[in-house]
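Below, each chain spelled out in residue letters.
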Amino acid sequence: MLSPHCDTRQLPGEGQLIPWCQHSPGLDPMAPKTVLITGCSSGIGLALAVKMARDKQKRFKVIATMRNLAKRGSLEVAAGAALHKTLEIRQLDVCDERSIRSCITGIPNRHVDILINNAGVGMIGPIECQTIEEMKGVMETNFFGVVRMIKEVLPDMKKRRSGHIVVISSVMGLQGIMFNDIYTASKFAVEGFCESLVIQALKFNVFVSLIEPGPVVTEFEMKVYEDAENSDYSMADPETADMFTNLYLKNSKAIFSSLGQTPNEIAEVKELVGVICAAKPPFRHQTNAVYTPMTALKHADPTGALMTDTFYKMVFKYDTLMHVSLKAIKLIRWQARKMKQGVKMLGFK
Ligand SMILES: NC(=O)C1=CN([C@@H]2O[C@H](COP(=O)(O)OP(=O)(O)OC[C@H]3O[C@@H](n4cnc5c(N)ncnc54)[C@H](OP(=O)(O)O)[C@@H]3O)[C@@H](O)[C@H]2O)C=CC1
Ligand SMILES: CC1=C(/C=C/C(C)=C/C=C/C(C)=C/C=O)C(C)(C)CCC1
């Protein structure tokens, strides 16, 4: 019989049911795993921290970190009874090595089973209007933030011959989107770094997984739109400035409203928690099946022509058709959600 901490869910692409506790052979399978998550003041980090801390099988002890502890209120409320039981809140700024070291050193035996690199910032707009310092800021958080965290925990994981490093990347880690040049570059950097590291890590029984969400409705979206509203576009030529404000922003809002997932959907069992608990965690996992055909364009044609032609036409030629399709997708997803709610209310799983 399996222990109560073993999970036999069948994950997509897996042919057999495997108990998750085989993930760390040699360790007490009953002991909860210590999970450290960065950027838990809002959005995906907060949702995931709560989901894991409130796990019915009590498989996790969550160290939910944030750079500014004054923002802990929402997490404390959402965690409810899990606070100080299966969830602790700690300060950690991924741009500050001392803050990282002090947080990790404060954990008994520096023992982190699962590291979830979630902290990140967005940046949109024409590059003519962004300073190199601002661009470096995005790389500092999204790329070097991940590198700093992994450098701190990997040696311990290697010694223990066990561990899982999860990185919240993005579909923009796979494919560029206009006016997201620097953000995309930061996520490509993360993907390249992890793709190189994964093989060496595997030799030490340490898994690396990249999670690639499409648009998720969080403060991330609000922050980039707010920045966009307050930015000065006089450094860009009028055609580029107009393309960004009147074409990109309009299209992006439509994409978020039709394809956007909620942070809770990302944290849901078959998404992040499913990947984390898999016996053999996948290296890459996209969370939004509706968005996946878009990223597939790149792999279908290595010359890049299929992807660039399609995106060019979507933006500049078939704008109206794209909006009609997005509205149809929004309606279908709304109906699917309602049906799911109805099924839940009737008491079916
Ligand atoms: N929303 C989306 O559409 C998508 C988001 N992602 C990725 O998901 C991750 C989470 O974003 P999301 O939840 O959407 O956005 P949120 O803005 O809601 O959350 C981002 C979190 O990162 C934190 N953070 C930023 N800088 C630092 C830092 N230096 N040190 C520690 N924490 C920091 C923020 O803290 P603070 O409150 O202090 O700013 C916040 O807690 C990011 O990596 C993002 O790139 C990927 C695909 C899509
Ligand atoms: C797909 C697509 C578009 C926009 C996609 C967006 C806006 C994706 C956002 C993803 C996010 C926010 C990821 C975060 O990491 C355009 C350019 C409007 C038109 C062409 C096709």
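Parameters at a glance
- Residues numbered from 1 in each chain as written.
- Chains lettered and ligands numbered in written order.
- Predicted model: local features only at pLDDT ≥ 70, side-chain atom pairs only at ≥ 80, totals over all residues.
- Heavy atoms only, no water.
- Near = heavy atom within 4 Å.
- Polar contact = N/O pair within 3.5 Å; in protein donor to acceptor, adjacent residues only side chain to side chain.
- Areas by Shrake-Rupley, 256 points an atom, 1.4 Å probe, with all protein chains shown as cover.
- Helix = DSSP H or I, 4+ residues; strand = E, 2+ residues; numbered from the N terminus.
- Salt bridge = Lys/Arg side-chain N within 4 Å of Asp/Glu carboxyl O.
- Buried < 20%, exposed > 50% of the residue type's maximum accessible area, 1.4 Å probe, protein only.
- Nonpolar A, V, L, I, M, F, W, Y, C, P; charged D, E, K, R; others polar.
- Pairing = 2+ DSSP bridges.
- Axes fitted to C-alpha atoms, helices over the stretch in contact; angles between N-to-C directions.
- Phe/Tyr/Trp six-rings, centres within 6.5 Å; stacked < 30°, edge-to-face > 60°.
- Lys NZ or Arg CZ within 6 Å of the ring centre and 35° of its normal.
- UniProt positions renumbered as here; feature names shortened; annotations may be inferred.
- Contact = heavy atoms within 4.5 Å.

### A word on the site of ligand 1
Residues in close proximity to ligand 1 total 31 residues, the closest being Ser41, Arg67, Tyr183, Thr218 and Lys223. Between a nitrogen atom of ligand 1 and a main-chain N or O atom of Val94, the distance comes to 3.0 Å. Here an oxygen atom of ligand 1 and a backbone polar atom of Phe220 are 3.4 Å apart. Summarising the interface, the protein chains cover 97% of the accessible area of ligand 1, which totals 900 Å² for the free molecule. At three residues, the largest contribution of residues to the shell around ligand 1 is made by helix 6 (residues 219–230).

### With respect to the pattern of salt bridges
A full pass over the atoms with the stated rule returns 10 salt bridges. Here Glu195 and Arg284 are joined by a salt bridge, their closest N and O atoms 2.6 Å apart. Pair noted here: Glu195 is in helix 5 (residues 181–203) and Arg284 is in strand 7 (residues 284–286), with a separation of 89 residues, a long-range link. On the basis of relative accessibility, which here comes to 43%, the residue Glu195 falls in the partly exposed class. Note on Arg284: relative accessible area 33%, which makes it partly exposed.

### Some remarks on the site of ligand 2
Around ligand 2 sit 13 residues in total, of which Ser170, Met172, Tyr183, Asn251 and Phe256 are the nearest. Here Ser170 contributes a side-chain N or O atom positioned 2.6 Å from an oxygen atom of ligand 2. Here Tyr183 contributes a side-chain N or O atom positioned 2.6 Å from an oxygen atom of ligand 2. Relative to its unbound accessible surface of 540 Å², ligand 2 loses 96% to contact with the protein. A breakdown of the residues in the shell around ligand 2 according to their chemical character gives 10 nonpolar, three polar and no charged.

### Describing the sheet that holds strand 4 (residues 114–117)
The strand order across the open sheet formed by seven strands is 3-2-1-4-5-6-7, and the pairing between neighbours is parallel. Only two strands of the sheet have a single neighbouring strand rather than two, namely strand 3 (87–91) and strand 7. Shown here is a sheet whose adjacent strand axes are inclined to one another by a mean of 20°, direction ignored. Relative to strand 4, strand 1 (residues 33–37) is paired through three bridges, and the arrangement is parallel. Counterpart to Leu36 in the pairing with strand 4 is Leu115.

### Details of the packing of aromatic side chains
Within the structure shown, the criterion is met by nine aromatic pairs. Ring centres of Phe179 and Phe244 lie 5.1 Å apart, and the angle between their planes is 65°; on these two criteria the pair is classed as edge-to-face. In this pair, Phe179 sits in the loop between strand 5 (163–168) and helix 5 while Phe244 sits in helix 7 (residues 238–259), placing the two residues 65 residues apart along the sequence. For the pair Phe179 and Phe244, a shared accessibility class is recorded, and that class is buried. Ring centres of Tyr225 and Phe256 lie 6.4 Å apart, and the angle between their planes is 75°; this geometry places the pair in the edge-to-face category. Of this pair, Tyr225 sits in helix 6 while Phe256 sits in helix 7; the two residues are 31 residues apart in sequence, bridging distant segments of the chain. Considered together, Tyr225 and Phe256 belong to a single accessibility category, that of buried residues. One aromatic cluster in this structure is built from Phe179, Tyr233, Phe244 and Tyr248. When the ring centre of Tyr225 is taken as origin, the NZ or CZ atom of Lys253, which lies over that ring, is 5.0 Å away.

### Details of the UniProt feature "binding site: substrate" (unreviewed entry) in the chain
The positions that UniProt labels "binding site: substrate" (unreviewed entry) are, in the present scheme, Ser170. For Ser170, the location among the structural elements is in the loop between strand 5 and helix 5. Taking the relative accessible area as the measure of exposure, Ser170 reaches 6% and is therefore buried. With residues up to four places along the chain from it excluded, the contact list for Ser170 reads Tyr183, Lys187, Glu191, Ile211, Glu212 and Pro213. In this structure the side chain of Ser170 is engaged in a polar contact, spanning 2.8 Å, whose partner is the backbone nitrogen of Met172.

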